[in-house]
Amino acid sequence: MTAPRALLAATLAACTLLTQAAVLDDMKDASPWKASASDQVKAALRRDAQDGSLCLDYDFSGVSGYAVMRRELPLDWPQDFALSVQLKGQGRGNDVQLKLVDASGDNVWWVNRPALALPETLTESRFKRRHVAFAWGPATDRTLRHSQFVELVVVAGQQGGGAGRLCLGALAMEPREPAPASWPEPRRTLAGGEMTLDFQRLREFNGLWFANGAATRIEASDDNRRWKLLSAHPGRAVFLGEQEWRWLRLRYAGRKPPEVQLRDAARWPDLNAAVAELAKSLPRGDLPRAFVGEQNYWTVVGVDGGAQRSGLVSEDGAIELSRGGPSVEPAVLLADGRMLTWAQARVEHSLVEQALPVVQWRHAEAELRIEAAADGPASDPQLLARYTLRNPTGRPQRYGLLLTLRPWQVNPPQQFLSTQGGVSPLPALGWADGRLTAAGLGIVPRETPAEVRAAPFGAGAGLATLLQAPPLQALADPEALPSALMRFDVELAPGESRGIGWVSGRGSLQARDLDTRLAVAAAGWRDRLGALSLRLPPEAAPVADTMRSALAQILMSRDGPALRPGTRSYARSWVRDGAMMVAGLLRMGETRAATEFVDWFGGHIFESGKVPCCVDQRGSDPVVENDSHGEYLFAVAELWRHTQDRALLQRHWPQVQRVVAWMEGLRQSERKPGSDPRFWGLMPPSISHEGYSDKPAYSYWDDFWALRGYKDAVQMAEALGDAATARRWAAWRDEFEADLAGSVVATARHYGIDHIAGAADRGDFDATSTTMALNPAQADKLPPALLRATFERYWAQALARIEGRKAWKDYTPYELRNVSALVRLGRVDEAHRLLAWFFGHQRPAGWNQWAEVVLPDAREPRFLGDMPHAWISSDYLRSALDLFAYEREAGGSLVLGAGLPLRWKLAGDIGVAGLSTAWGRLDYRLERRAAGGWTLSIDRRPERLAGELRLAWPGDEALPRASAEGRELAWQGRELPLPPGVAAVQLEPRR
């Protein structure tokens, strides 16, 4: 037994209650500790001359990443404990992590403290067992029982890592007696409007819930002599954060003491849980459905490139003013005193110009239309909102439109990545000169409200409380959760409508031209989304509408030039997501956003040629994801193919050469004698595929992207006239493609499977990942039988799910890629049935979007990722565009109409104008003739098309007779080559 483990065992054997901490490392011997760091980050250990602590000096050198101090320290962990760590340091508020790693190195437990402000002198921090969470790894039992290594890690914070130091003085562990299965009732003492509760031992809790009655003051003590004030103005739900006391003292008014209950960390892990319990005691509709245990859905509203300052609109009509900021919620007060909220209305959804959200409340007594938009620069946009109240009855009505500013987001509590959803602290509110102020934002209503009132959280969060609250001038809430209410009185004749609106943002705000600004915003999106024009029969309208919406979603979700998958959960830009968005943007004719992203991301590649998986305000992220290199190369090449911008290639050529060299080094590292044939010549294991985050895998996802990257590198070298480099890279490309095909066969043989595995070392099934083999990799050397079987299996499983024969708990709409795969494999009916099923999961219906996670029960509250999810928007775009035309790399052909089902062709005309391809612009029409049959008109043939233009006629029905200029054209299978110069083809049904 090692010395630390023996010491800990001896300590545990002697303890029955709390005991003195066992020192695990007093830091007097620095030799067990080693320093390391990620790409381009500098890290070194030194002894502090003042207090003898061991310091990790670091310098992030303008990139993201981490610096680590690590030692081997085998430990067996007791059932309960407190870990004491003496820390100090200097820095910009970087994240600090304490990691415990098992002997395999695969399983990690951690305490993560984002933006930790380190003290200047050694200060003890205590972490209890519940603070130590399982971080990642393949372990099925995630309970911390044994660890082999200890790490202290500094991770670059949101403001950039900079240079600094982290010093460790000592590391100790204190075994603790586990909490009992049930706590005894506290001893209660009453005296003169005061109640004291003795829990008989130290008791941990996070807050207090008053089931009946109320307190006017709450204090706590651990010795019944010295008392600490916990709350001077408590409400019904009092969230305190982590507390540990033996005695509580409550003052109260009246003769009967309140009935108080403790809420521990399990029941109230955060303030959101306290608000949720309070919401359940209020009338349904007073608080958002997210706080009453129901999933809510939302969408983004903002300007192109303004993700960081975008708003959100909930399905129920609440508007979140900024990322992480407060919300404005509507309600209608009827003349008889009844309250109309989202809970009493029938709620419908639509979009203006397929971009701007509309929420419509319908009720027998009142209707309310809620519209939102934004204008201004991406760095400082303003949010616009209009509420149109209508009287649907046959008699005059008097209404009160209530607009309440609330201390919570539209982004619900179960959202946690990057931005914790739920409550949004508001230290103070103010109303002056027609402007409501909160959290650095102003709200200027166009119409003057009849009254503005506000109440602190402790007074109650219900609408009835706000209606009776004092008028607002300035309000500071000690709990930082106040609410304000603006009431607008409206009298309407039968059928009459009236609009009320506001403008929100920073700086000067003008609301008088609100209607004009809303109209201009809508017109701007109509123009921006109109480069590609589609004419389709009515039943196909959702396909075109969602394409326009998807483009708007990508543009609203980008932060300046940085393409991002979302605006709340994802405050980073991945090259993976970005490359696929670039492909969709370009095909839709949106070159500006694509160019800005490629140029911006290209400036963040590591000096080594390693492409970061993602970039944010901290810089380039060093996490190894071996799809990144091919994705960057593809993004540059795809942009060049669509724009023919030679200057672009020249700008990126130095980075392209470094990236190809780095990727080739990775490939050669797996071509060692004696290597398993499954892994020979592949990209090394990485966690780029989200399904393999437990442990790096030989993911074919990485290899399909690498193949695409090698192909594109050759094409870029040829375009720049570097023949020697093109030949060398072509040899690498061909060798890699052969190795990849050999690996796929070897893996199938090893696992006895008839499909292409998701990863060579797992033998799993992941058709959505394998779609990359078809597009963009176009990996033509893969075994056709394995490829076909992969998607036959996927379709069989998808059909069982669609028909209700297979239960499912969730899925990600990345699966939309399979629509494209089925189209390219000639299975058009299956592709459209699958697409229809996906359309059924757009939530809410009418907003043309998908969350990252889709659940069968739409109201089950779970993490959903961002809504809309711009990467999924790009997956939809690429698949939907393939219905009309896709590029076949072998032979340089362009295939038209492979995704057009016969029912569309019979239902009306189909027209495509402005579709950008790798070889130029494509315009064509397939029009029904009155006498039967169709005319295919090629209005614009791509000017750089080297191969054939081919019309596909998918399905099983007889092929129509094709002719042009009086001569019959021959079908090749179910594709019709269109001779150069032919502008019109007649298609006659065969009798």
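Keep in mind that this is a model prediction, so the values were computed, not measured.

Student: Help me understand the overall build of the chain, please; the structure alone is not making it clear to me.
Tutor: Counting its secondary structure elements, the chain contains 17 helices and 49 strands. Over its C-alpha atoms the chain spans a radius of gyration of 32 Å, differing by no more than 12% from the 30 Å that the globule rule assigns to 991 residues. Seen along its three principal axes, the alpha-carbon backbone of the chain occupies a region of about 105 × 85 × 55 Å. Counting all 991 residues of the chain, 59% fall into the buried class.

Student: Where do I start with helix 2 (residues 271-279) in this structure?
Tutor: Given 3.6 residues to a turn, an α-helix orients residues that are three or four positions apart in the same direction. Of all nine residues making up helix 2, nine are buried, and the element is well covered by its neighbours. Buried within helix 2 we find Leu271, Asn272, Ala273, Ala274, Val275, Ala276, Glu277, Leu278 and Ala279. Taken together, the buried residues of helix 2 touch strand 14 (194-212), strand 17 (237-251) and strand 18 (259-263).

Student: I would appreciate a short explanation of the pattern of salt bridges in the present structure.
Tutor: It is possible for side chains bearing opposite charge to pair when their charged atoms get close. Summed over all chains, the structure comprises 98 salt bridges. Two residues, Arg362 and Glu367, come together in a salt bridge whose shortest N-O distance is 3.4 Å. The partly exposed category is assigned to Arg362, whose relative accessible area is 27%. According to the relative accessible area criterion, Glu367 is buried, its value standing at 14%. Residues joined in a network through salt bridges with shared partners are Lys128, Arg130, Arg176, Glu204, Glu242 and Glu244.

Student: Honestly, empty space enclosed by the protein in this entry has me stumped. Any pointers?
Tutor: It is a probe the size of a water molecule, rolled over the atoms, that shows where empty space is left. Inspection of every chain in the model, using the stated rule, returns seven cavities of 30 Å³ or more. Estimates place the volume of the largest cavity at around 230 Å³. Around the largest cavity, the lining comprises 26 residues; the ones closest to its centre are Leu287, Pro288, Ala318, Glu329 and Trp342. Broken down by element, the residue count for the lining of the largest cavity peaks at four residues, all from strand 22 (residues 327-333).

Student: What's the story with the packing of helix 10 (residues 700-719) against helix 11 (residues 723-751) in this structure? I'm lost.
Tutor: Helix-helix packing: each pair is described by the crossing angle between the helix axes and the interaxial distance. For the pair helix 10 and helix 11, the least separation of the axes is 9 Å and the interaxial angle reads 160°. As the angle between them shows, helix 10 and helix 11 are arranged roughly antiparallel. Handedness of the helix 10/helix 11 crossing: left-handed. Contacts between helix 10 and helix 11 involve Tyr700, Asp703, Phe704, Ala706, Leu707, Tyr710, Lys711, Ala713, Val714, Ala717 and Glu718 on the former and, on the latter, Thr725, Ala726, Trp729, Ala730, Trp732, Arg733, Phe736, Glu737, Leu740, Ser743, Val744 and Thr747. Grouping the constituent residues of the contact of helix 10 with helix 11 by class yields 15 nonpolar, three polar and five charged.

Student: When you look at the sheet that holds strand 45 (residues 949-952) in this model, what are you seeing that I'm missing?
Tutor: Hydrogen bonding along the main chain pairs the strands of a sheet, whether they run parallel or antiparallel. Read from one edge to the other, the open sheet built from four strands follows the order 40-41-45-48, with strand pairing classed as mixed. The outermost strands of the open sheet, each flanked by one partner alone, are strand 40 (885-888) and strand 48 (975-978). Strand-to-strand twist in this sheet, taken as the mean axis angle between neighbours without regard to direction, amounts to 25°. With four bridges connecting them, strand 40 and strand 41 (residues 893-896) associate as antiparallel partners. Bridge pairing in strand 41 places Tyr886 opposite Val895.

Student: Would you explain the state of the cysteines in this entry?
Tutor: Put plainly, a disulfide is one covalent bond tying together the sulfur atoms of two cysteines. Under the counting rule described, the total for this entry stands at one disulfide. At a sulfur-sulfur separation of 2.1 Å, the disulfide partner of Cys55 is Cys167. With the S-S bond torsion at 105°, the cross-link from Cys55 to Cys167 turns out right-handed. In this pair, Cys55 is assigned in strand 4 (residues 54-59) and Cys167 in strand 12 (residues 163-175), connecting sequence segments 112 residues apart. When its relative accessible area of 0% is taken as the criterion, Cys167 is described as buried. The structure places no disulfide on Cys613, whose sulfur is separated from the nearest cysteine sulfur, that of Cys614, by 3.4 Å.

Student: Before we go on, may I ask you to explain the packing of helix 6 (residues 575-587) against helix 7 (residues 591-602) in this structure?
Tutor: Relative orientation of the contacting elements helix 6 and helix 7 amounts to 155°, with a least axis distance of 9 Å. As judged from the angle between their axes, helix 6 and helix 7 are roughly antiparallel. The handedness of the crossing between helix 6 and helix 7 is left-handed. Only Thr591, Ala593, Ala594, Phe597, Val598 and Phe601 of helix 7 make contact with helix 6, whose side of the interface consists of Val575, Gly578, Ala579, Val582, Leu585 and Leu586. Grouping the amino acids of the contact of helix 6 with helix 7 by side-chain chemistry returns 10 nonpolar, two polar and no charged.

Student: What exactly am I supposed to notice about the nonpolar core here?
Tutor: Proteins that are soluble and globular tend to have nonpolar side chains buried together. Ranked by internal contacts, the top residues of the largest apolar core, which has 170 residues, are Val543, Met547, Tyr876, Phe884, Leu896, Val985 and Leu987. A per-element tally of this core places helix 10 first, with 11 residues. Those residues within four positions of Met547 in sequence are excluded, and the remaining contacts are Leu532, Leu534, Met588, Tyr876, Leu877, Ala880, Leu881 and Phe884. The next biggest cluster of nonpolar side chains, apart from the first, holds 46 residues, and it includes Val328, Leu334, Ala385 and Met486.

Student: Teacher, can you tell me more about the confidence of the model for the chain here?
Tutor: A low pLDDT score tells you not to read the predicted coordinates there in detail. Residues with a pLDDT of 70 or more make up 98% of the chain, whose mean pLDDT is 95. Counting interchain partners and residues more than four positions distant, the pLDDT-below-50 stretch residues 1-19 has 31 contacts.

Student: What should I look at first to understand the side chain of Ser916 in this one?
Tutor: Among the secondary structure elements, Ser916 is positioned in strand 42 (residues 910-917). Here the side chain of Ser916 touches His642 through a polar contact of 2.7 Å, side chain to side chain. For Ser916, the contacting residues outside a window of four places in its chain are Leu586, Arg587 and His642.

Student: Where do I start with the sheet that holds strand 7 (residues 95-101) in this structure?
Tutor: Strand order in the open sheet made by the six strands is 2-5-11-7-8-10, with antiparallel pairing throughout. At either end of the open sheet lies a strand with only one pairing partner, and these are strand 2 (34-37) and strand 10 (133-136). Pairs of neighbouring strands in the sheet enclose a mean axial angle of 35°, with direction left out of account. Inspection of the sheet shows strand 7 paired to strand 11 (residues 146-155) by seven bridges, in the antiparallel sense. What sits directly across from Val96, in strand 11, is Val154.

Student: Any chance you could explain the packing of aromatic side chains here in plain terms?
Tutor: One pair of aromatic rings is described through two measures. These are the centre distance and the angle between the planes. In this structure the tally under the stated criterion is 28 aromatic pairs. Their ring planes at 80° and their centres at 5.7 Å tell us that Tyr570 and Trp574 sit as a pair that is edge-to-face. Joined through ring pairs, the aromatic side chains of Trp808, Tyr811, Trp837 and Phe838 make up one cluster. Its guanidinium or amino end placed over the ring of Phe765, Arg793 lies 4.1 Å from that ring's centre, counting from NZ or CZ. Sitting over the ring of Trp953, Lys905 keeps its end group 3.5 Å from the ring centre.

Student: Would you mind going over the environment of Arg967 with me for this structure?
Tutor: For Arg967, the position within the fold is in strand 47 (residues 967-969). For Arg967, a relative accessible area of 44% translates into the label partly exposed. Expressed as a C-alpha distance, the spacing of Arg967 and Val985, which sit 18 residues apart in the sequence, is 9.9 Å. Ignoring sequence-local partners within four residues, the contact set of Arg967 consists of Ala962 and Pro979.

Student: Is there a simple way to think about the pairing of strand 22 in this case?
Tutor: In the case of a regular strand, side chains alternate between the two sheet surfaces. Where burial is concerned, most of strand 22 is hidden: six out of the seven residues are buried. One ladder, built from two bridges, connects strand 21 (residues 319-320) with strand 22; its direction is antiparallel. For Glu320, the partnering residue across the bridge sits in strand 22 and is Ser327. In this antiparallel pair of consecutive strands, strand 21 and strand 22, the connection spans six residues, and Gly324 shows a positive phi of 75°. Sheet analysis places strand 22 next to strand 23 (residues 339-340), joined by two bridges and oriented antiparallel. Across the sheet, the residue bridging to Leu333 is Met339, located in strand 23. In textbook terms, the turn of a hairpin is the stretch between consecutive antiparallel strands, and for strand 22 and strand 23 this stretch comprises five residues, one of which, Gly337, has a positive phi near 95°.

Rules used throughout
Residues numbered from 1 in each chain as written. Predicted model: local features only at pLDDT ≥ 70, side-chain atom pairs only at ≥ 80, totals over all residues. Heavy atoms only, no water. Helix = DSSP H or I, 4+ residues; strand = E, 2+ residues; numbered from the N terminus. Rg over C-alpha atoms; globule rule 2.2 N^0.38 Å. Buried < 20%, exposed > 50% of the residue type's maximum accessible area, 1.4 Å probe, protein only. Contact = heavy atoms within 4.5 Å. Salt bridge = Lys/Arg side-chain N within 4 Å of Asp/Glu carboxyl O. 1 Å grid on protein atoms, 1.4 Å probe; cavity = no way out; pocket = protein on both sides within 12 Å on 5 of 7 lines; lining within 4 Å. Points joined across faces, edges and corners; volume = space filled by probe spheres on them. Axes fitted to C-alpha atoms, helices over the stretch in contact; angles between N-to-C directions. Parallel < 35°, antiparallel > 145°, perpendicular 65-115°, else oblique. Left-handed = near helix turned anticlockwise from the far one by under 90°. Nonpolar A, V, L, I, M, F, W, Y, C, P; charged D, E, K, R; others polar. Pairing = 2+ DSSP bridges. Disulfide = S-S within 2.5 Å. Core = buried A, V, L, I, M, F, W, Y, C linked by side-chain atoms within 4.5 Å. pLDDT = per-residue confidence, 0-100. Polar contact = N/O pair within 3.5 Å; in protein donor to acceptor, adjacent residues only side chain to side chain. Phe/Tyr/Trp six-rings, centres within 6.5 Å; stacked < 30°, edge-to-face > 60°. Lys NZ or Arg CZ within 6 Å of the ring centre and 35° of its normal.

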